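Tertiary structure, described
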Amino acid sequence: MAVAPETAADLVYQIFDLQRAVRCVAVSSMRGQETGVALQGVLRFVGEGESRATHLAARLGVSAPVLSRHIADLEEHGLVVRRPDPEDGRAQLVALSEAGAAKLRDIEQQRTATLQGYLQDWSQADAEETAKTLRKLAESLRDSARAKTAGSTEIIPIV
């Protein structure tokens, strides 16, 4: 059974509201950090494993020049390393440096602690159910976006 238009509209609103709330949590937990929210997001994706910069840009839904600037900033801070792709000398592979991996762990620990503090009035069951629902939502959106963009040249973020 399809989702009613009113329900879909409410869900869109709630997702955007959640994005704003998550940004507030991220900003409040990053005081004193030399990397902003955008760079931390890129750092997280790089932390999932070495990959081509072009693949990272597509996953993040940004242009190659935008990602290149972010990677250059992270590289300047010693958080990522680049090397030529052995399969294509024109392409570059991007990975976390040891300092980048440590930084990412610190960021995630800080955000976890901040969120735990904000959710003091939640039960463990509520948190687990919410995580399960968000996982299901993200998987559905990714699968639908991939199916819709199969064969398309348009860049749509699939995160």
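Look up a bit, the structure's there.
For every chain, the first residue of its written sequence is number 1, and the numbers climb from 1 along that sequence. Side-chain atom pairs in this predicted model are given and counted only at pLDDT of 80 or more, local residue features only at pLDDT of at least 70, and totals for whole chains, interfaces and linings cover all residues. Remark: hydrogens and water are excluded; side-chain values derive from all non-hydrogen atoms of the structure.

**Considering the overall build of the protein**
The condition is simple: Strands are runs of DSSP state E lasting at least 2 residues, helices are runs of H or I lasting at least 4, and numbering of each runs from the N terminus. Think of it in three bands: with a 1.4 Å probe and only protein chains considered, a residue is buried below 20% of the maximum accessible area for its type, exposed above 50%, and partly exposed in between. Using a 1.4 Å probe, the Shrake-Rupley method yields the accessible areas, and only the shown protein chains count as cover for residues.
Along its length, the protein carries six helices and three strands. The order of helices and strands in the protein, counted from the N terminus, is α-α-β-α-α-β-β-α-α. Counting the 159 residues in the protein, one finds 24% classified as buried. Within the structure as shown, the protein displays about 11,000 Å² of accessible surface, and the carbon and sulfur contribution to it stands at 56%.

**Quick notes on the sheet that holds strand β2 (residues 80–85)**
Two strands in a sheet stick together by hydrogen bonds in their backbones, pointing the same way (parallel) or opposite ways (antiparallel). Applied cut-off: When DSSP finds two or more bridges between a pair of strands, those strands are recorded as paired.
Across the sheet, which stays open at both edges, the three strands sit in the order β1-β3-β2 with antiparallel pairing between neighbours. Pairing within the sheet leaves two strands with one partner each, and these edge strands are β1 (51–52) and β2.

**Some thoughts on helix α5 (residues 98–118)**
Worth spelling out the cut-off: A helix's residues, less one, multiplied by 1.5 Å, set its expected span. In this description, the arc belongs to the directions extending from the helix axis to the C-beta atoms. Contact between two residues is taken to exist if any of their heavy atoms lie within 4.5 Å; hydrogens are not considered.
With 21 residues, α5 should cover 30 Å at 1.5 Å per step; its first-to-last C-alpha distance of 30 Å lies within 8% of that length. Within α5, burial applies to Gly-100, Lys-103, Leu-104, Ile-107 and Thr-114. Buried positions in α5, seen along its axis, are confined to an arc of 100° and lie on one side of it. Turned more than 90 degrees away from the buried face of α5, the exposed residues are Glu-98, Gln-109 and Gln-116. Buried residues along α5 sit in contact with α1 (5–28), α2 (37–46) and β3 (88–96).

**Looking at the pairing of β3**
The pairing of β1 with β3 spans two bridges and is classified as antiparallel. Within β3, the position partnered with Arg-52 by the bridge is Leu-93. For β2 and β3, the ladder comprises six bridges, and the chain directions are antiparallel. Its bridge partner lying in β3, Arg-83 is registered against Leu-93.

**Examining the environment of Ile-15**
The topology assignment puts Ile-15 in helix α1. With relative accessibility at 27%, the residue Ile-15 sits in the partly exposed group. When the C-alpha positions of Ile-15 and Leu-134 are compared, they lie 10.0 Å apart, and in sequence the two are 119 residues distant.

**Digging into the packing of aromatic side chains**
We apply this condition: Pairing of aromatic rings covers Phe, Tyr and the six-membered ring of Trp, with a centre-to-centre limit of 6.5 Å; geometry is then stacked below 30 degrees between planes, edge-to-face above 60, and tilted otherwise. Whether a charge lies above a ring is judged from NZ of Lys or CZ of Arg, which has to be within 6 Å of the ring centre and within 35 degrees of the ring normal.
Counted according to the given criterion, the structure contains zero aromatic pairs. A cation sits over an aromatic face here: Arg-44 above Phe-45, 5.5 Å from the ring centre.

**Looking at the packing of α2 against helix α3 (residues 53–60)**
The relative placement of two packed helices is expressed as an angle between their axes plus a distance between the axes. Basically, it comes down to this: In this analysis, axes come from line fits to C-alpha atoms, helices being fitted only over the stretch in contact, and the angle between any two N-to-C directions falls in the range 0 to 180 degrees. For this classification, under 35 degrees means roughly parallel, over 145 means roughly antiparallel, 65 to 115 means roughly perpendicular, and everything else is oblique. Throughout, a crossing is termed right-handed when the near helix is turned clockwise from the far one, and left-handed when it is turned anticlockwise from it by less than a right angle. In the scheme used here, Gly and all other residues not listed as nonpolar or charged are polar, with Ala, Val, Leu, Ile, Met, Phe, Trp, Tyr, Cys and Pro taken as nonpolar and Asp, Glu, Lys and Arg as charged.
Put simply, α2 and α3 touch, their axes get as near as 11 Å, and they point 120° apart. The angle between α2 and α3 falls in the class oblique. Read as a crossing pair, α2 and α3 show a hand that is right-handed. Seen from α2, the contacting residues are Val-42, Phe-45 and Val-46; seen from α3, they are Leu-56, Arg-59 and Leu-60. Per-class residue counts for the contact of α2 with α3 are five nonpolar, no polar and one charged.

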